[in-house]
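Examining the three-dimensional arrangement
Here are the chains, one letter per residue:
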Amino acid sequence: MGQREVWRIMSRFNAFKRTNTILHHLRMSKHTDAAEDVLLEKKGCAGVITLNRPKFLNALTLNMIQKIYPQLKKWEQDPETFLIIIKGAGGKAFCAGGDIRVISEAEKAKQKIAPVFFREEYMLNNAVGSCQKPYVALIHGITMGGGVGLSVHGQFRVATEKCLFAMPETAIGLFPDVGGGYFLPRLQGKLGYFLALTGFRLKGRDVYRAGIATHFVDSEKSKIDRDKSFILEEHMDKINSCFSANTVEEIIENLQQDGSSFALEQLKVINKMSPTSLKITLRQLMEGSSKTLQEVLTMEYRLSQACMRGHDFHEGVRAVLIDKDQSPKWKPADLKEVTEEDLNNHFKSLGSSDLKF
């Protein structure tokens, strides 16, 4: 993209901010009671996508994905549409993630939703990343997993003071998908590796300071925040040194040797995660650091299907979302039992079933 094109898009986006359209859309999002799970509307020169399952924190379903993708492509080609806005209804969440409970239950009932869900979700993530129109995600409230995939690859990600970001997948036997292998290793230092392995939550302005959001607005005021202090700033040296290791075992050893209260807290968190997920995730980010978004999504599709065949994803969903006992029984339960062969099997090509663009 040339300098002139960047300037033109930024001018349009700045005009968009000056007219308080962002704040208008954030406030209007609280009052959506239509029956559809996603609303697709043309408002002036903007195509507006509203994720409309507020009772379920706007969790993303296959039906929603199948409505959004064709409309996004249509607006991208429409000369009368100058930008695309995506937001969540209800005020509590932009999107808390994919509706993984439904996926797990379908898999256990031998209904093959997962191959279609992940394929179409990742196709949508790529469409966001390659969108030729300015794509503006208003990340107000909970923004996790699949919600990150709908926002982080777009040109503009506007966080508010209510934004709560996390990629918590290692706690449910999964991995930070939806292109996590692309954007996480590209954050400052080893921040992305830390966020991926621990599921650490960032709030409000820190989502902007971390480089996940491109802009910050206070949803109750008309000001843009440019404050530069960051909640993890004092820990970044520790994060960079501890999480620069090539194996999860070495990362754990680094945290133990560091011995600070911050390092020991992260150690406690990591020790609760699925050992298989931890090893998959570290390799995913290391490999993803030199891949294109499409190459990453192809890799992640392979990982997603391996996780559906395995034990930990279904056990994680049971422990966190169904029984809510928060006590998953991982298999294998120890990092040293997750072999190189296990890992390689997760990353293996699916042949004709691979995700292709």
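Thresholds, definitions, all that
Residues numbered from 1 in each chain as written. Predicted model: local features only at pLDDT ≥ 70, side-chain atom pairs only at ≥ 80, totals over all residues. Heavy atoms only, no water. Helix = DSSP H or I, 4+ residues; strand = E, 2+ residues; numbered from the N terminus. Buried < 20%, exposed > 50% of the residue type's maximum accessible area, 1.4 Å probe, protein only. Contact = heavy atoms within 4.5 Å. Areas by Shrake-Rupley, 256 points an atom, 1.4 Å probe, with all protein chains shown as cover. Pairing = 2+ DSSP bridges. Salt bridge = Lys/Arg side-chain N within 4 Å of Asp/Glu carboxyl O. Phe/Tyr/Trp six-rings, centres within 6.5 Å; stacked < 30°, edge-to-face > 60°. Lys NZ or Arg CZ within 6 Å of the ring centre and 35° of its normal. Axes fitted to C-alpha atoms, helices over the stretch in contact; angles between N-to-C directions. Parallel < 35°, antiparallel > 145°, perpendicular 65-115°, else oblique. Left-handed = near helix turned anticlockwise from the far one by under 90°. Nonpolar A, V, L, I, M, F, W, Y, C, P; charged D, E, K, R; others polar. Arc of directions from axis to C-beta.

Concerning the overall build of the protein
From N to C terminus, the protein includes 16 helices and 10 strands. Scored against the burial criterion, the 357 residues of the protein give a buried share of 54%. The contacts of the protein with a sequence gap of at least 6 include a subset with a gap of at least 24, amounting to 72%. Accessible surface for the protein amounts to roughly 15,700 Å². Of this, 51% is attributable to carbon and sulfur atoms.

Considering the sheet that holds strand 9 (residues 202-203)
Spatially, 4 strands are ordered 4-6-8-9 in an open sheet, and the strand pairing comes out mixed. Edge positions in the sheet fall to strand 4 (93-95) and strand 9, since each has one partner strand and no second. Pairing between strand 8 (residues 164-166) and strand 9: 2 bridges, direction antiparallel. Residue pairing in the sheet places Leu164 in a bridge with Lys203 of strand 9.

Notes on the pattern of salt bridges
Under the criterion given, the structure shown has 16 salt bridges. Note that Lys73 and Glu76 form a salt bridge whose closest N and O atoms lie 3.6 Å from each other. Residue Lys73 and its partner Glu76 are located together in helix 3 (residues 62-77), separated by 3 residues, close to a single helical turn. On the basis of relative accessibility, which here comes to 29%, the residue Lys73 falls in the partly exposed class. Taking relative accessible area as the criterion, Glu76 reaches 9% and is therefore assigned buried. The residue Arg302 makes a salt bridge to Asp354 at a minimum N-O spacing of 2.7 Å. Residue Arg302 is located in helix 14 (residues 293-309), and its partner Asp354 is located in the segment after helix 16 (340-347); the two are separated by 52 residues in the primary sequence. Classification of Asp354 by relative accessible area gives buried; the value is 8%.

Some remarks on the packing of aromatic side chains
Enumeration according to the criterion identifies 5 aromatic pairs in this entry. A ring pair is formed by Phe117 and Phe118, whose centres lie 5.5 Å apart and whose planes are at 90°; its orientation type is edge-to-face. Note on Phe117: relative accessible area 2%, which makes it buried. Judged by relative accessible area, Phe118 falls into the buried class, the value being 2%. The interplanar angle of 85° and the centroid separation of 5.5 Å between the aromatic rings of Phe194 and Phe243 together place this pair among those described as edge-to-face. In this pair, Phe194 is assigned in helix 8 (residues 191-198) and Phe243 in the loop between helix 10 (236-242) and helix 11 (248-258), connecting sequence segments 49 residues apart. As far as the burial class goes, Phe194 and Phe243 line up, both buried. Put simply, the rings of Phe194, Phe200, Phe243 and Phe262 touch in pairs and so form one group of aromatic residues. Lying over the aromatic face of Tyr193, Lys190 brings its terminal NZ or CZ to 4.4 Å of the ring centre.

Points about the side chain of His153
With respect to the element layout, His153 can be found in the loop between helix 6 (146-149) and strand 7 (156-159). If near-sequence neighbours (up to four positions away) are discounted, His153 is found in contact with Asn125, Val128, Gly129, Val178, Gly179, Phe183 and Leu293.

Overview of the packing of helix 8 against helix 13 (residues 275-288)
Between helix 8 and helix 13, the shortest axis-to-axis distance is 10 Å and the interhelical angle comes to 155°. What the angle tells us is that helix 8 and helix 13 run roughly antiparallel. Crossing of helix 8 over helix 13 shows right-handed handedness. Residues Gly192, Tyr193, Ala196 and Leu197 of helix 8 lie in contact with helix 13, whose contacting residues are Leu278, Thr281, Leu282, Leu285 and Met286. Residue classes in the contact of helix 8 with helix 13 are distributed as 7 nonpolar, 2 polar and no charged.

Considerations on helix 16
All buried positions along helix 16 are accounted for by Leu343, His346 and Phe347. Mapping the buried residues of helix 16 onto a view down its axis gives an arc of 95°, with all of them on the same face. Elements in contact with the buried residues of helix 16: helix 13 and helix 14.

Some words on the sheet that holds strand 1 (residues 38-43)
Strand order in this open sheet of 6 strands is 1-2-3-5-7-10, and the pairing throughout is mixed. Two strands lie at the open edges of the sheet, namely strand 1 and strand 10 (215-216), each paired on one side alone. As paired strands, strand 2 (residues 46-51) and strand 3 (residues 83-88) are joined by 6 bridges and run parallel to one another. Bridged to Thr50 within strand 3 is Lys87. The sheet contacts of helix 3 involve strand 1, strand 2, strand 3 and strand 5 (135-139), and relative to strand 1 the element is tilted by about 20°.

On their own, these measurements won't tell you what the molecule is for.
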